[in-house]
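Below, each chain spelled out in residue letters.
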Amino acid sequence: MPSKQILENKQAVVSELADKLKRAQAGVVVKYQGITVADDTEMRKKMREAGVEYVVMKNTLTGRACDLVGYGEIKEHLTGMNAIAIGLDDPVAPAKILKEYAEKIETFEIRVGFLEGKVIGADVVKELADIPSKETLLGRFLGSIQSPISGFARALQAVIDKEGGEAPAAEEPAAAAE
């Protein structure tokens, strides 16, 4: 029978993980096997830079934390060596980074994930990983709304150049009658 101290420590670990899962926008559970120390170090560095928490924890503790936040479906995927990546700010970052390593390392596989309070399958996690970054999407959006305006400006300039004139000056308001 474990001591009271050990049980309290495990309860604290479960409570802390459950709190992170509640606050997270997304997360991914991976089969953590066959990754070299060099790859693991590089991956963890990318995770930190992206604001993603990456934890290797006992399956029973992870399962209990998942139960506490309503992600009980995840427990069926918790066999063997697993790790969980938790994205508190960016819902796409954990999926992007882990997909990169899952494609590179044959035994490292995406098992399941969660997004906005719902458990999602590995296939949905991989689709999520293919979404461009927020900055890329904003750049594309701004480019698409800027394009018609700049095209209109070039067309106006072409008309002005063709007529050989200058752009009309803004009209001055009529002088007040004295």
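Preceding this paragraph is the structure being described.
Quick caveat: nothing in here was measured; it's all calculated off a predicted structure.

Student: Tell me about the packing of helix H1 (residues 4-23) against helix H3 (residues 59-69), and name the residues and values.
Tutor: The axes of two packed helices give the description: the angle between them and the distance between them. Packing of H1 against H3 brings their axes to within 8 Å, and their N-to-C directions diverge by 50°. In terms of orientation, H1 and H3 fall into the oblique class. The hand of the H1/H3 crossing is right-handed. Where H1 abuts H3, its residues Lys10, Val13, Val14, Leu17, Ala18, Leu21 and Lys22 lie against Leu61, Thr62, Arg64, Ala65, Cys66, Leu68 and Val69. Split into classes, the residues belonging to the contact of H1 with H3 amount to ten nonpolar, one polar and three charged.

Student: Could you give an account of the nonpolar core, with specific residues and numbers?
Tutor: Among the nonpolar cores identified, the biggest contains 24 residues, and Val28, Val30, Met43, Met47, Tyr54, Leu98 and Phe108 are the most heavily contacted of them. Contributions of two or more residues to this core are made by strand S1 (26-31), helix H2 (37-49), strand S2 (52-56), strand S3 (82-87), helix H4 (93-104) and helix H5 (122-129). The dominant element in this core, judged by the number of residues it contributes, is H4, at five residues. Core analysis: the next-biggest nonpolar cluster, separate from the first, contains 19 residues, Leu17, Ala18, Val29 and Ala65 among them.

Student: Tell me what's going on with the packing of aromatic side chains, and back it up with residues and numbers.
Tutor: Considering all chains together, one arrives at two aromatic pairs under this definition. For the ring pair tyrosine 32 and tyrosine 54, a centre distance of 6.2 Å and an interplane angle of 55° mean the geometry is tilted. In this pair, tyrosine 32 is assigned in the loop between S1 and H2 and tyrosine 54 in strand S2, connecting sequence segments 22 residues apart. Judged on exposure class, the residue tyrosine 32 and its partner tyrosine 54 are both buried. Plain terms: the ring middles of tyrosine 71 and phenylalanine 114 are 4.6 Å apart, the flat faces sit at 25° to each other, and that makes the pair stacked. Taken together, the residues span a long stretch of sequence, with tyrosine 71 in the loop between H3 and S3 and phenylalanine 114 in strand S4 (residues 109-115) at a distance of 43 residues. The class of tyrosine 71 is buried, set by a relative accessible area of 5%.

What counts as what
Residues numbered from 1 in each chain as written. Predicted model: local features only at pLDDT ≥ 70, side-chain atom pairs only at ≥ 80, totals over all residues. Heavy atoms only, no water. Axes fitted to C-alpha atoms, helices over the stretch in contact; angles between N-to-C directions. Helix = DSSP H or I, 4+ residues; strand = E, 2+ residues; numbered from the N terminus. Parallel < 35°, antiparallel > 145°, perpendicular 65-115°, else oblique. Left-handed = near helix turned anticlockwise from the far one by under 90°. Contact = heavy atoms within 4.5 Å. Nonpolar A, V, L, I, M, F, W, Y, C, P; charged D, E, K, R; others polar. Core = buried A, V, L, I, M, F, W, Y, C linked by side-chain atoms within 4.5 Å. Buried < 20%, exposed > 50% of the residue type's maximum accessible area, 1.4 Å probe, protein only. Phe/Tyr/Trp six-rings, centres within 6.5 Å; stacked < 30°, edge-to-face > 60°.

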